[in-house]
Amino acid sequence: MKSFWEKEFTCPFCGVVFRKKMVFYDAVRVRSRDPDLKPNYEAVNPLLYSVVSCPSCYFSTLEDDFEKIKLSQEKRTKVEEVLKNLREKLKLEEREDHIESVKRHTICALVYEALGDKKKTAVSYLRIAWLFRELGMRERERWAMEESLRFFEEFYRYSYYDDKEEPMILFYLGVLNQMLGKKKEAAKWYELLIRKHGDSSIYSKVGRERWQELRES
Ligand SMILES: [Zn+2]
């Protein structure tokens, strides 16, 4: 069975057309999950392929957003500033390994931040934490979890979100605090998650387990 295919993308920022290696959905096998639901994969690791980066201007987003992003002139100016700075500091290579994926996710996080999308910024930092976890780089993993938590908090407090999104946000507010050793904060978010959502989603079910572990620890 083939694991990869190639997809053509047009950069919404600079118009360059390029091809990118993609993972076949059927080739992905989840072996286990960490406490924060990080999937541990067998063989192919989709984390290394999930960001689309323009090889020319470095504009980067998660795969589903890349060609859908709408850029007003104001947003374009903000993003250009971020990309210009990044192009001076780092060089993207056409390789699929952890270091390249950390670089792409970092650009992705800064692009979402410039676009004002705090949830996607938080998700990008969460994935950076997962990449550092796979590399065994604990300090950097911790830094990325702190960044992720900061943006999830800002998103929860200041952004519009719909009810369906809330369990996921509350779960990550709980579990990231728990993993960072902030038990009281973690308990507060888990309580809110369970009080508002019961067992209505996978996040509240897993959140209930984490809360139980937290109280027994
Ligand atoms: Zn581009």
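Please read all numbers here as calculations on a predicted model, not as lab measurements.

Concerning the coordination of the zinc ion
Thinking step 1. Donor atoms from the polypeptide that bind the zinc ion are Cys11 (SG), Cys14 (SG), Cys54 (SG) and Cys57 (SG), placed at 2.3 Å.
Thinking step 2. Note that the zinc ion binds 4 donor atoms; their angles at the metal cover 105 to 115°, and the shape is tetrahedral.
Thinking step 3. Classification of Cys57 by relative accessible area gives buried; the value is 6%.

Quick look at the nonpolar core
Note that soluble globular proteins tend to have their nonpolar side chains buried in a common cluster.
Thinking step 1. With 69 residues, the main nonpolar core has Phe59, Val79, Leu83, Phe152 and Tyr172 as its most contacted residues.
Thinking step 2. It is helix α3 (residues 118-135) that provides the largest number of residues to this core, a total of 9 residues.
Thinking step 3. Residue contributions to this core reach at least three from each of two domains, namely domain 1 (4-160) and domain 2 (163-217).
Thinking step 4. With near-sequence residues (within four places) excluded, Tyr172 lies in contact with Asp36, Leu37, Leu126, Trp130, Leu149, Phe152, Asn177 and Tyr203.

Brief notes about the packing of α3 against helix α4 (residues 138-158)
Thinking step 1. Their axes nearest at 8 Å, the elements α3 and α4 cross at an angle of 165°. In terms of orientation, α3 lies roughly antiparallel with respect to α4. For the crossing formed where α3 meets α4, the hand is left-handed. Where α3 abuts α4, its residues Lys118, Lys119, Thr121, Ala122, Val123, Tyr125, Leu126, Ile128, Ala129, Phe132 and Arg133 lie against Arg140, Glu141, Trp143, Ala144, Met145, Glu147, Ser148, Phe151, Phe152, Glu154 and Phe155.

Focus: the domain arrangement of the chain
Thinking step 1. Here the domain parsing of the chain yields domain 1 (4-160) and domain 2 (163-217).
Thinking step 2. Look at where the C-alpha atoms of domain 1 and domain 2 centre, and you get two points 25 Å apart.
Thinking step 3. Opposite the 18 residues of domain 1 that make contact, domain 2 presents 21 residues.
Thinking step 4. Here domain 1 and domain 2 share an interface that buries about 1,800 Å² over both sides, 74% of which is from carbon and sulfur atoms.
Thinking step 5. In terms of surface lost to domain 2, no three residues of domain 1 exceed Leu37, Leu149 and Tyr156, which account for 35% of the buried area on that side.
Thinking step 6. Connecting domain 1 to domain 2 are 1 salt bridge.
Thinking step 7. A salt bridge links Glu165 to Lys119; its shortest N-O distance comes to 2.7 Å.
Thinking step 8. Elements represented by at least two residues in the side of domain 1 that touches domain 2 include exactly α3 and α4.
Thinking step 9. Class assignment for the residues of the side of domain 1 that touches domain 2 results in 10 nonpolar, 1 polar and 7 charged.

Structural notes on the packing of aromatic side chains
Thinking step 1. Counted by the stated rule, this structure contains 16 aromatic pairs.
Thinking step 2. Arranged with centres 5.8 Å apart and planes meeting at 85°, the rings of Phe18 and Phe66 form a pair that is edge-to-face. Residue Phe18 is located in strand β2 (residues 17-23), and its partner Phe66 is located in the loop between β6 (60-62) and α1 (73-89); the two are separated by 48 residues in the primary sequence. Both residues of the pair, Phe18 and Phe66, belong to the buried class.

Some points on the side chain of Ser60
Thinking step 1. On the secondary structure map, Ser60 appears in strand β6.
Thinking step 2. A relative accessible area of 0% places Ser60 in the buried class.
Thinking step 3. Of the polar contacts made by the side chain of Ser60, one reaches the side chain of Ser53; its length is 2.8 Å.
Thinking step 4. In terms of polar contacts, Ser60 uses its side chain to reach the backbone carbonyl oxygen of Tyr58, at 2.8 Å.
Thinking step 5. Filtering out sequence-adjacent residues up to four positions away, Ser60 remains in contact with Val51, Val52, Ser53, Phe66, Arg104, Ile107, Cys108 and Val111.

A look at the layout of surface pockets
Thinking step 1. If you add up the space inside the largest pocket, you get close to 970 Å³.
Thinking step 2. Lining the largest pocket are 28 residues, and of these Pro39, Tyr41, Pro46, Ser50 and Arg127 sit closest to its centre.
Thinking step 3. Broken down by element, the lining of the largest pocket gets its largest block of residues, 6 residues, from α3.
Thinking step 4. Of the residues that constitute the lining of the largest pocket, the class distribution is 20 nonpolar, 1 polar and 7 charged.
Thinking step 5. Among the domains, domain 1 (4-160) and domain 2 (163-217) are the pair contributing at least three residues each to the lining of the largest pocket.
Thinking step 6. In this structure, the second largest pocket spans a volume of roughly 340 Å³.
Thinking step 7. Lining the second largest pocket are 15 residues, and of these Arg19, Lys20, Ser53, Glu94 and Arg104 sit closest to its centre.
Thinking step 8. Among the secondary structure elements, those contributing two or more residues to the lining of the second largest pocket are β2 and β5 (51-53).
Thinking step 9. The residue makeup of the lining of the second largest pocket, split by class, is 6 nonpolar, 1 polar and 8 charged.

Here is what the cut-offs are and how they apply
- Position numbers for residues count from 1 along each chain, tracking the sequence in the order it is written.
- A pLDDT threshold of at least 70 governs which residues receive local features in this predicted model, and a stricter bar of 80 or more applies before side-chain atom pairs are shown or counted, although totals over entire chains, interfaces and linings include all residues.
- Only hydrogens and water are removed before side-chain values are computed, so all heavy atoms of the structure are retained for them.
- For Na, K and Ca the donor cut-off is 3.2 Å, while for other metals it is 2.8 Å, and in both cases only N, O and S atoms qualify; water is not among them, so sites may look incomplete.
- Note on geometry labels: four donors, all angles 85 to 135 degrees, give tetrahedral; four donors become square planar and six octahedral when opposite donors are over 155 degrees apart and every other angle is between 65 and 115; remaining cases are irregular.
- Partly exposed describes any residue whose relative accessible area lies between the buried limit of under 20% and the exposed limit of over 50%, with all areas from a 1.4 Å probe on protein chains only and scaled to the type maximum.
- Note on terminology: a nonpolar core comprises buried Ala, Val, Leu, Ile, Met, Phe, Trp, Tyr and Cys residues joined through side-chain atoms within 4.5 Å.
- In this text, helices come from DSSP runs of H or I with a minimum length of four residues, and strands from runs of E with a minimum of two, each type numbered from the N-terminal end.
- Domain delimitation in this document rests on an assignment produced automatically or drawn from a domain database.
- Contacts: residue pairs with any heavy atoms within 4.5 Å of one another.
- Interaxial angles span 0 to 180 degrees and are taken between N-to-C directions of axes, which are lines fitted to C-alpha atoms, for helices over the stretch in contact.
- These descriptions rest on fixed angle ranges, namely under 35 degrees for roughly parallel, over 145 for roughly antiparallel, 65 to 115 for roughly perpendicular, and the rest for oblique.
- Take the far helix as the reference: if the near one is turned anticlockwise from it by less than a right angle, the crossing is left-handed, and if turned clockwise, right-handed.
- Accessible area that two parts lose when put together, evaluated with a 1.4 Å probe and summed over both, is termed the buried area.
- The working definition used for a salt bridge is a side-chain nitrogen of Lys or Arg within 4 Å of a carboxyl oxygen of Asp or Glu.
- Under this grouping Gly is polar, as are all residues other than the nonpolar Ala, Val, Leu, Ile, Met, Phe, Trp, Tyr, Cys and Pro and the charged Asp, Glu, Lys and Arg.
- Each Phe, Tyr or Trp ring (for Trp, its six-membered ring) is paired with any other whose centre lies within 6.5 Å, and the angle between the two planes then decides the class: stacked below 30 degrees, edge-to-face above 60, tilted in between.
- Polar contacts here mean pairs of N or O atoms no more than 3.5 Å apart (in protein, one a potential hydrogen donor and the other a potential acceptor; neighbouring residues in sequence count only if both atoms are side-chain atoms).
- Residues are said to line a cavity or pocket when one of their atoms sits within 4 Å of a point; the points come from a 1 Å grid over protein atoms alone, cavities being sets where a 1.4 Å probe fits but cannot get out and pockets being open sets with protein on both sides within 12 Å along at least five of seven lines.
- Grid points are joined across faces, edges and corners, and a volume is the space filled by probe spheres set on the points.

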